Amino acid sequence: MTPNPIVFLVDVDNTLLDNDRIQRDLRTHLEREFGAACRDRYWAILEELFAELGYRDYLGALQRYRVEHPRDIHLLSMSSYLVDYPFANRLYPGSLDVIERFRSRGRTVILSDGDVVFQPRKVERSGLFEAVEGHVLIYIHKEEALDDVERRYPARHYVLVDDKLRILAAVKKAWGERVTTVFPRQGQYARDPTLVAECPPADLTVERIADLLDDDLPALLTGRHSPRISTEVIR
């Protein structure tokens, strides 16, 4: 397969989509419909699964909660709430415009972590699946699947946009100058000073995803804090 000149790899949660807001909505719904005790127990299970799996398995947590409460018929409404949630309403301002701009420069791919049911549903119902013409990759730990990413989307250069510095640093270590890392400071992980201090800075840091619309893309990618990339690659 002939390598693309450039491939943009873009995360979903707290990068294009306000996942913190989704979690707040879920907490509010749980408390309103089932009470604070149910909310707290469900969230404890969710965190237990996160520790086990490395991603938040919302439907898996619901199933485990159901095992503890096998006769709670109201749980069916909870599953409907999760599956039918209006994810498109939680896209950060400018998210789809950034995707469109990336697509005008090169292949653009959603690169996310998550389960095999809820995360694809989130990508589809938010409009992101259509925005990238179905180019979506979802792994358990995407930083451990870079060989598969390269096999599916070979490129001379990659641009990775992600709200987790840990992931950006891991990919930078693996790919070196072949990747430009972009860090939008959105969401709980990006705003956690302890987590941020543990990792080297990204090549480019922006306050919000929409900031990637403010300047010409080649200028952003060849700025003072970014590796130099030939404009022939970006065009």
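Data block above holds the structure.
Residues numbered from 1 in each chain as written. Predicted model: local features only at pLDDT ≥ 70, side-chain atom pairs only at ≥ 80, totals over all residues. Heavy atoms only, no water.

Caption draft 1: Inspection of helix α6 (residues 118–125) at higher detail. Those residues of α6 lying buried are Phe 118, Gln 119, Lys 122 and Val 123. Looking straight down α6, one finds its buried side chains confined to an arc of 140 degrees; they lie on one side. Where α6 is buried, its residues contact α1 (19–34), α3 (58–68), α4 (75–83), β2 (107–113), α7 (128–131) and β3 (136–139). Once α6 ends, the next one or two residues include Gly 127, with phi positive near 95 degrees. (Buried < 20%, exposed > 50% of the residue type's maximum accessible area, 1.4 Å probe, protein only. Helix = DSSP H or I, 4+ residues; strand = E, 2+ residues; numbered from the N terminus. Arc of directions from axis to C-beta. Contact = heavy atoms within 4.5 Å.)

Caption draft 2: Seen up close, the pairing of β2. Burial analysis of β2 places six of its seven residues in the buried class, which makes it a mostly covered element. Note that strand β1 (residues 7–10) and β2 share four bridges and pair parallel. Paired with Phe 8 across the strands is Thr 108, a residue of β2. Relative to β3, β2 is paired through four bridges, and the arrangement is parallel. (Pairing = 2+ DSSP bridges.)

Caption draft 3: Just the packing of aromatic side chains, in detail. Considering all chains together, one arrives at seven aromatic pairs under this definition. With centroids separated by 5.2 Å and ring planes inclined at 50 degrees, the aromatic side chains of Tyr 58 and Phe 118 adopt a geometry described as tilted. Taken together, the residues Tyr 58 in helix α3 and Phe 118 in helix α6 connect sequence positions 60 residues apart. With a relative accessible area of 4%, Tyr 58 lands in the buried category. Counting every residue linked through ring pairs, the aromatic cluster contains Tyr 58, Tyr 81, Tyr 85, Phe 87 and Phe 118. Sitting above the plane of the Trp 43 ring, Arg 27 keeps its charged end 4.1 Å from the centroid. (Phe/Tyr/Trp six-rings, centres within 6.5 Å; stacked < 30°, edge-to-face > 60°. Lys NZ or Arg CZ within 6 Å of the ring centre and 35° of its normal.)

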